[in-house]
Amino acid sequence: MKSNIKTHQKIVADSTFYLLFYADLSDCDSLHKIIMAFDFYVGNKIKDELKNHISKDDVFSKRILDVSQDVNFIQILKGFYQFLQREFPTYSNWIKDGEFEAIGISYHLNRMGRLRFLIIDDNDARRFVEKELNTLHQFLIRTPAFLCVSCKNGHFDKAFVVKILNNIKVSIEAGKSPLRLEINGWKKYIKPLIDSLPEENG
Amino acid sequence: MARYTPEEQKNLEYLILMLLGTSKKRELSLLQIEKEMFLLRESAMKLIGDYYSFIAHYRGPYSKEIYESLISPLYLDDDWIYENSRDKLSGGDIRLTSEGCDNFKKLKDEIVKNKHKELIEIFAAMDILHDLYDKLTSKELLYFIYTSPEFKKYITKSIVYDEVVTEKTKESLRKKLAGGIQ
């Protein structure tokens, strides 16, 4: 690690972020290192989407913060998205409840003045946030960019981040679709991110 | 409002203050307030379901308690003003006064300071509602309500359905919401 930065930055990620480490990279150690460096928040839907993995992961259970909500944020967001789908064929793809939940939790944390990032990789969910949810636009980030920003801010060293980003390529070459990327997407999006990381001193 | 206790009436007026205070312009049309409070109630029944209710009316879901509280508030009577409008759909505008802005700020600071979870959730829900619906015109907002199957029971008495649910409204919504989408 580059430093011993103690941070309480609040982060919300949908299940795709966690599944990258559990299913695509089989790299729980890296996930644990990341969730130890920030405060990650999840709700019941996200946990349900991850249940096969987190039931065996004590670090996740101890470290991740649960958010229970009395307001049904999923209903508000989904109601509007379903309207878009009914009326406009360009909104043909489905957004998972876990993604709506992550968005709702982000609004909640933002009201408390604590949100740092909303990590969403799914293009349809991102498009929904970018186009319709102006308040959250500034917090939206993809997993690879989140790792690179965290590296530049001193939370992780370069070698750690580059290893994960390169392993995404290895995973694609092995026939998986981490973060729903194909090899051209990796070359176009992730490779430039790796190249943008500054050399480390010493 | 006779069936409401003073406490419930006060809570409803504070909810209205919260909705107006969380809006960017500190101003909403009567129709926007009514429909956003309707959508809020639908998703937060457990927290605020008892404060106000809705029936089917001329412009979709209607709440007598909200209407009366907006026009003649009993407790926060200096916090907002009503401005009539020629637009028969919007029903006029409600704008926070400087006193209302001050009261909202005090309320917001107190809620965050005391980490009042339920009210912070209500704030967050209002932020979502503003992001989604404040940009819509009265006609577009009603189009959303009128074409949503879950709200069908609230449109049985509508007198503006044919004026609202048209290809023209759909086209203006398409430009606003689905425009630029590849």
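Just so you know, these numbers come straight off a predicted model, no measurement behind them.

Draft legend 1. Seen up close, the overall build of chain A. Scanning chain A for helices and strands turns up eleven helices and five strands. For 202 residues, the compact-globule estimate of 2.2 N^0.38 gives 17 Å, and the C-alpha radius of gyration of chain A, at 17 Å, lies within 12% of that figure. Along the first, second and third principal axes, the C-alpha atoms of chain A reach 55 × 35 × 35 Å. Counting every position in chain A, which comprises 202 residues, the buried fraction comes to 56%. Residue pairs at least 24 apart in sequence account for 68% of intrachain contacts in chain A once pairs closer than 6 positions are excluded. When the accessible surface of chain A is totalled, it reaches about 8900 Å², and 47% of it is carbon and sulfur. If you average the places of the 29 positive and of the 26 negative side-chain charges in chain A, the two averages end up 3 Å apart.

Draft legend 2. Structural detail: the confidence of the model for chain A. Here chain A averages 93 in pLDDT, and 96% of its residues register 70 or above. Between residues 1-5 of chain A, whose pLDDT stays under 50, and residues either more than four places distant or in other chains, the model counts twelve contacts.

Draft legend 3. The arrangement of the side chain of A:Asp57 in detail. Residue and element names in this part refer to chain A. Along the chain, Asp-57 falls in the loop between helix H4 (51-54) and helix H5 (58-63). Within the structure, the side chain of Asp-57 is placed 2.9 Å from the side chain of His-32, a separation counted as a polar contact. Apart from residues no more than four positions distant in its own chain, Asp-57 is found in contact with Tyr-22 and His-32.

Draft legend 4. Quick look at helix H6 (residues 117-133) of chain B. With 17 residues, H6(B) extends 24 Å between its outermost C-alpha atoms, agreeing within 8% with the 24 Å of an ideal straight helix rising 1.5 Å per residue. In terms of burial, H6(B) is largely enclosed, as 14 of its 17 residues are buried.

Draft legend 5. Region of interest: helix H7 (residues 138-147) of chain B. H7(B) sits mainly inside the fold: nine of its ten residues count as buried. Listed as buried for H7(B) are B:Ser138, B:Glu140, B:Leu141, B:Leu142, B:Tyr143, B:Phe144, B:Ile145, B:Tyr146 and B:Thr147. On its buried face, H7(B) sits against helix H6 (73-87) of chain A together with helix H2 (30-43), strand E3 (60-62), H6, helix H8 (161-164) and helix H9 (167-178) of chain B.

Draft legend 6. Focus on the sheet that holds strand E5 (residues 93-96) of chain B. Residues and elements named next belong to chain B. Pairing in this open sheet of three strands is antiparallel, and the strands run E1-E5-E4 from one edge to the other. The two strands at the open ends of the sheet, each matched to only one other strand, are strand E1 (27-29) and strand E4 (80-83). Direction aside, neighbouring strands of the sheet carry axes that sit 20° apart on average. Pairing of E4 with E5, which is carried by four bridges, proceeds in the antiparallel orientation. By the bridge assignment, Ile-81 is partnered in E5 with Arg-95.

Rules behind the numbers
- Residues numbered from 1 in each chain as written.
- Chains lettered and ligands numbered in written order.
- Predicted model: local features only at pLDDT ≥ 70, side-chain atom pairs only at ≥ 80, totals over all residues.
- Heavy atoms only, no water.
- Helix = DSSP H or I, 4+ residues; strand = E, 2+ residues; numbered from the N terminus.
- Rg over C-alpha atoms; globule rule 2.2 N^0.38 Å.
- Buried < 20%, exposed > 50% of the residue type's maximum accessible area, 1.4 Å probe, protein only.
- Contact = heavy atoms within 4.5 Å.
- Areas by Shrake-Rupley, 256 points an atom, 1.4 Å probe, with all protein chains shown as cover.
- Lys, Arg positive; Asp, Glu negative; His and termini not counted.
- Charge placed at Lys NZ, Arg CZ, Asp CG, Glu CD.
- pLDDT = per-residue confidence, 0-100.
- Polar contact = N/O pair within 3.5 Å; in protein donor to acceptor, adjacent residues only side chain to side chain.
- Expected span 1.5 Å × (residues − 1).
- Pairing = 2+ DSSP bridges.
- Axes fitted to C-alpha atoms, helices over the stretch in contact; angles between N-to-C directions.

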